[in-house]
Amino acid sequence: MFAGLFAALAVLFGAFGAHGLKAKLTPEMLAVYQTGVQYHMWHALGLAIVGVTALHWPQLNALRWAGGLMIVGIVLFSGSLYALALTNVKILGAITPFGGLAFIAAWIVFAVSVWKSS
């Protein structure tokens, strides 16, 4: 459910950026916004991978952590980039690394949990 919701939002935000913001943002801020969209979509797909994996190994409780960390990463990483691009408030960029760390942690938790189950 979360994978589909976040993927739909990524497409919506991407279309908004391409059509609604192109003339309003500087090329630099548009690139920041698009980076948010790109990571948003990749991690929505990551959520789908985590979900499908959980169907095969429902005993792996760590997969819930991996999915939760991906959601946190999308909100913090992509959300802060969207906000930065739209407001040009530079301090919002300080939030972005926390989202990146959540993404990294999510993939590590995912990999370790699957490796241990094999």
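In the block above lies the structure referred to throughout.
Residues numbered from 1 in each chain as written. Predicted model: local features only at pLDDT ≥ 70, side-chain atom pairs only at ≥ 80, totals over all residues. Heavy atoms only, no water.

Q: Looking at this model, I keep getting lost on a nonpolar patch on the surface. Mind explaining?
A: A cluster of nonpolar residues, F98, L101, I104, I108 and V112, forms a patch on the protein surface that exposes about 500 Å² of accessible area. Along the polypeptide, L101 turns up in helix α4 (residues 96-117). (Patch = residues over 30% accessible without salt bridge, like charges linked within 9 Å, V, L, I, M, F, W, Y side chains within 5 Å. Areas by Shrake-Rupley, 256 points an atom, 1.4 Å probe, with all protein chains shown as cover. Salt bridge = Lys/Arg side-chain N within 4 Å of Asp/Glu carboxyl O. Helix = DSSP H or I, 4+ residues; strand = E, 2+ residues; numbered from the N terminus.)

Q: Is there a simple way to explain the nonpolar core in this structure?
A: For soluble globular proteins, nonpolar side chains are generally found buried alongside one another. Among the nonpolar cores identified, the biggest contains 27 residues, and L25 and Y33 are the most heavily contacted of them. At the level of secondary structure, the elements contributing two or more residues to this core comprise α1 (2-20), α2 (27-56), α3 (62-87) and α4. The biggest single contributor to this core is α3, with nine residues. In this view, L25 contacts L30, Y33 and A85; residues no more than four positions away in its chain are not counted. (Core = buried A, V, L, I, M, F, W, Y, C linked by side-chain atoms within 4.5 Å. Buried < 20%, exposed > 50% of the residue type's maximum accessible area, 1.4 Å probe, protein only. Contact = heavy atoms within 4.5 Å.)

Q: Before we go on, may I ask you to explain α3 in this structure?
A: Residues separated by three or four positions in an α-helix point in the same direction, a consequence of the helix having 3.6 residues per turn. The first and last C-alpha atoms of α3 sit 36 Å apart over 26 residues, in line with the 38 Å expected at 1.5 Å per residue. At G79, α3 is deflected by roughly 25 degrees, the largest bend along its length. Backbone geometry just after α3 places N88 at a positive phi near 60 degrees. (Expected span 1.5 Å × (residues − 1). Bend = angle between axes of the 7 residues up to and from the residue.)

Q: Help me understand the packing of α2 against α4, please; the structure alone is not making it clear to me.
A: For any two helices packed against each other, the geometry is given by the interaxial angle and the distance between the axes. Running from amino to carboxyl end, α2 crosses α4 at an angle of 20 degrees, the nearest separation of the two axes being 12 Å. Taken together, α2 and α4 sit at an angle that is classed as roughly parallel. Once α2 is placed against α4, the crossing between them reads as left-handed. Note on element contacts: α4 touches α2 through F103, W107, F110 and V114, opposite Y39, H43, G46, I49, V50 and T53. (Axes fitted to C-alpha atoms, helices over the stretch in contact; angles between N-to-C directions. Parallel < 35°, antiparallel > 145°, perpendicular 65-115°, else oblique. Left-handed = near helix turned anticlockwise from the far one by under 90°.)

Q: How do you make sense of the packing of aromatic side chains when you look at a structure like this?
A: For any pair of aromatic rings, the description rests on two quantities: the centre-to-centre distance and the angle between the ring planes. Overall, the coordinates contain seven aromatic pairs when judged by the stated rule. Considering the side-chain rings of F77 and F103, the 5.5 Å spacing of their centres and the 55 degrees angle between planes classify their relative orientation as tilted. Of this pair, F77 sits in helix α3 while F103 sits in helix α4, and the two are 26 residues apart along the sequence. Connected via pairs of aromatic rings, a cluster forms that spans F13, Y33 and Y82. (Phe/Tyr/Trp six-rings, centres within 6.5 Å; stacked < 30°, edge-to-face > 60°.)

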